[in-house]
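One letter stands for each residue in the lines below.
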Amino acid sequence: MTAGDPAVAVAIDSLAVAYGGRTVLRDATLRIRAGAMTAVVGPNGAGKSTLLRAVMGMLPFTGSVRVLGGPIDACRARVAYVPQRAAVDWDFPITVRQVAEMGAHARLGWFGLRLGRARREALEALADVGLADLAARPIGELSGGQQQRAFMARALAQRADLVLLDEPFASIDATTEHDLLALLSGLRHRGTTVVVVHHDLETVRERFDDAVLVRGTVIAHGAARDVMTAAWLARTYGDAPHSGKATA
Amino acid sequence: MSRAHAAIDALRAWTPEVDGWIIAIGALAAVACAVPGTLLVARRQSMAADGIAHAVLPGIAGAFLLSGTRDLAWMAGGAAVAAVAMSAGSAFLERRLRVERDAALGIAYTALFALGLALVVRAADGVDIDPSCVLFGAIEFAPLDRVTAGGRAVPRAALVIAATAGANVAVAALAWRPILASSFDRGFARAAGARPAACDAIVGAMATATCVACFESLGSVIVVAMLVVPACAARLACARLVPMAALAAAFGCGATVLGHVAACVAAPVAGLDASGVRELSTAGCVAAALGACFAGAAGARAVMSRNRPVDGAHAASLPCAP
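None of the values given here were measured: they were computed from a predicted structure.

Student: I keep staring at the packing of helix 1 (residues 3–12) of chain B against helix 11 (residues 241–269) of chain B and nothing clicks. Help me out?
Tutor: Packed helix pairs are characterised by how far apart their axes lie and by the angle those axes make with each other. Residues and elements named next belong to chain B. Relative orientation of the contacting elements helix 1 and helix 11 amounts to 145°, with a least axis distance of 8 Å. Pair helix 1 / helix 11 crosses with right-handed handedness. Residues R3, A6, A7, A10 and L11 of helix 1 pack against V261, C264, V265, P268 and V269 of helix 11. A class-by-class count of the residues in the contact of helix 1 with helix 11 yields nine nonpolar, no polar and one charged.

Now the structure itself:
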């Protein structure tokens, strides 16, 4: 697959990222298939979130990153990004509907006048994720799973072609994780490319099409069943305590 | 004459041309402060309000020393330079020297405020500027400084603060969606092209302009109370920003009326009239009234949450949640 291939949603070549003199990612080369559900897997501090942030152009890097066939700045409205829970101010005075509307604004324009349309699309997206009844509630009053559903609604309202989620299942019970994975599968069936930073290796094997193993660089990537093998996971997790998960 | 009569006499002595304008100026300041104040409190940047209000002093004093006038363009220019210097200084301390965020702000603004006080004392050797007015304002004298607008003599402070309030509301309305997104979820906002750094600058510019506009009436210290306290009180009762800003403005207006009444009646009630102390500082009394508003809002919230049925995750919901 070449970088300009429409079957490629994200093409990364020789990516390197350094924070404060420390190299977090080096020589990472990767193709993420369009329309597939891809898990990004690796130990803590491996550079998984950094990989997503580099794709979004949120930090300086060297190398090449092409998203949906071009630079990220040319297609931001078509890419939905859900950061880690800790990066969000859950006490901020904002309602669930306003959160979902952000997705519509990202697509329709931050200064446009189509407020009625944004509101309608946000409410439709909330209905799709089962939060219609909670639209007027402050986001901080919702449970962790409901908050992730609201973010899912934001991505739906954005009608993104590519959705990047950074550890969306952290601190969420198994039932809610199952429901959220079903929502993501639904997105994938609509043709959306879904990329998830995820820790549960069993779920990756069962529910994801592709996997990317990361530890300072891309160790392996490809179909989940080919990549999530004991040998690759041992190379990714090494002898660290995380390797216990690899054999789970 | 009883003290009650003295208090009533003090209020009877009110005139629309003086006391009416004092309250109008305070109410306009409450509206002007409600917009940046609400945003700063909701974004957990109350300390920045404190910092900006203090840091603009050297800019204002320096501009006065340079120009020899209290011309608004000079004052605003000086304040903007000082506010940018504070932001740059605290950002340097935070990022390069790893000083904690609030501490970095504290170091930057107290250094600038001290420089400002030194400049004010230097300027006080000249004319027209008084250190205590700089700190606590001189809203009592604001109605005396008039300009002609629409064929009518209007206090300059009222015009300046009204224009600032209007500008704040207009700017906030225009940049509302990106500000909301970048305040709640900076990562998403940045990824979605909402430019959170520009939103930070807009909120900081609104707070700086408001501090400059309110500086002569409320002083560089009391304006902090008007920025932060009504917004904090409103946050106790509101779960969305627009009602929060409206309630903050209402709290500020109410505190202005209460504060000016208290300033007029407290001295005669306390028996200080005969000693020549006719009134307390209105700005000081307004700040005290704001404190009382906050205490009232906190008390009302406590009572309402005690009477609320416990409902799992919803037990912590706010009384005015929409």
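Student: Would you mind showing me how to read the interface of chain B and chain A here?
Tutor: Think of interface size as the accessible area that goes away when the parts come together; that is how it is often given. Tallying the contact residues gives 30 residues for chain B and 34 residues for chain A. When the buried surface of chain B facing chain A is broken down by residue, R177, F184 and F188 of chain B rank first, second and third, together holding 30% of it. Joining chain B to chain A, the criterion identifies three salt bridges. Residue D185 of chain B is joined to R154 of chain A by a salt bridge in which the shortest nitrogen-to-oxygen separation is 2.9 Å. Along the contact surface separating chain B from chain A lie nine residue pairs in polar contact (both at pLDDT 80 or more). Elements with a minimum of two residues in the side of chain B that touches chain A: helix 8 (176–184), helix 9 (186–191) and helix 11 of chain B. For the side of chain B that touches chain A, the element with the highest residue contribution is helix 8 of chain B, accounting for six residues. Of the residues that constitute the side of chain B that touches chain A, the class distribution is 18 nonpolar, five polar and seven charged.

Student: Before we go on, may I ask you to explain the side chain of T217 of chain A in this structure?
Tutor: Inspection of the secondary structure puts T217 of chain A in the loop between strand 8 (210–214) and strand 9 (218–223). A distance of 2.7 Å separates a polar atom in the side chain of T217 of chain A from the backbone oxygen of R26 of chain A.

Student: It is not clear to me how the sheet that holds strand 7 (residues 193–197) of chain A should be interpreted in this structure. Could you clarify?
Tutor: By definition, the strands of a sheet pair up through backbone hydrogen bonds, in either a parallel or an antiparallel sense. All names here are of chain A. Strand order in this open sheet of six strands is 5-6-7-3-8-9, and the pairing throughout is mixed. If you trace the sheet from one side to the other, it starts and ends with strand 5 (79–82) and strand 9, each paired once. Recorded for the sheet is a direction-independent mean angle of 10° between the axes of neighbouring strands. Relative to strand 6 (residues 162–166), strand 5 runs parallel, the two being bridged by four bridges. Pairing of Y81 across the sheet is with L164, part of strand 6.

Student: Explanation requested: helix 1 of chain B in the structure shown.
Tutor: Because an α-helix packs 3.6 residues into every turn, residues spaced three or four apart end up facing the same way. Residue and element names in this part refer to chain B. When helix 1 is considered as a whole, its buried residues turn out to be A6, A7 and A10. Around the axis of helix 1, the buried residues are gathered within 100° of arc, so they sit on the same side. On its buried face, helix 1 sits against helix 11.

Student: Got a minute to help me understand the layout of surface pockets in this structure?
Tutor: To find leftover empty space, one rolls a probe the size of a water molecule over the atoms. Residue and element names in this part refer to chain B. For the largest pocket, the calculated volume is near 870 Å³. Going through the elements one at a time, helix 3 (46–67), helix 4 (72–95), helix 5 (101–124) and helix 10 (196–235) are the ones with two or more residues in the lining of the largest pocket. When residues of the lining of the largest pocket are assigned to their parent elements, the largest contribution, nine residues, is made by helix 4.

About the thresholds
- The numbering scheme is per chain: residues are counted from 1 as the chain's sequence reads.
- Think of it this way: whatever chain is written first is A, whatever ligand is written first is 1, and the rest follow in order.
- The predicted nature of this model means local features are confined to residues of pLDDT at least 70 and side-chain atom pairs, given and counted, to a pLDDT of 80 or more, with totals for whole chains, interfaces and linings taken over all residues.
- To obtain the side-chain values, all non-hydrogen atoms of the structure were included, while hydrogens and water were left out.
- Helix axes use the C-alpha atoms of the stretch in contact, all axes being lines fitted to C-alpha atoms, and the angles between their N-to-C directions lie in the range 0 to 180 degrees.
- Helix and strand definitions here come from DSSP, where helices need a minimum of 4 consecutive H or I residues and strands a minimum of 2 consecutive E residues; each element is numbered from the N-terminal end.
- Each helix crossing is assigned a hand: it is left-handed if the near helix lies turned anticlockwise from the far helix by less than a right angle, otherwise right-handed if that turn is clockwise.
- Any two residues whose heavy atoms approach within 4.5 Å at even a single point are treated as in contact.
- Residue polarity is assigned by list, with Asp, Glu, Lys and Arg as charged and Ala, Val, Leu, Ile, Met, Phe, Trp, Tyr, Cys and Pro as nonpolar; anything else, Gly included, falls into the polar class.
- Values labelled buried area give the accessible surface lost by two parts on being combined, using a 1.4 Å probe and summing over both.
- A side-chain nitrogen of Lys or Arg and a carboxyl oxygen of Asp or Glu constitute a salt bridge if their distance falls within 4 Å.
- Counting of polar contacts relies on pairs of N or O atoms within 3.5 Å, with two restrictions inside protein: one atom must be capable of donating a hydrogen and the other of accepting it, and residues adjacent in sequence are counted only when both atoms are side-chain atoms.
- Following DSSP output, two strands are said to pair if at least two bridges run between them.
- Relative accessible area decides the class of each residue, using a 1.4 Å probe on protein chains only: under 20% of the type maximum gives buried, over 50% gives exposed, and in between gives partly exposed.
- It is the directions from the helix axis to the C-beta atoms whose arc is reported.
- We place a 1 Å grid over just the protein atoms. Points where a 1.4 Å probe fits but has no way out form a cavity, open points with protein on both sides within 12 Å along at least 5 of 7 lines form a pocket, and any residue with an atom within 4 Å of a point lines it.
- Grid points are joined across faces, edges and corners, and a volume is the space filled by probe spheres set on the points.

Shape is all these values report; function is a separate question.
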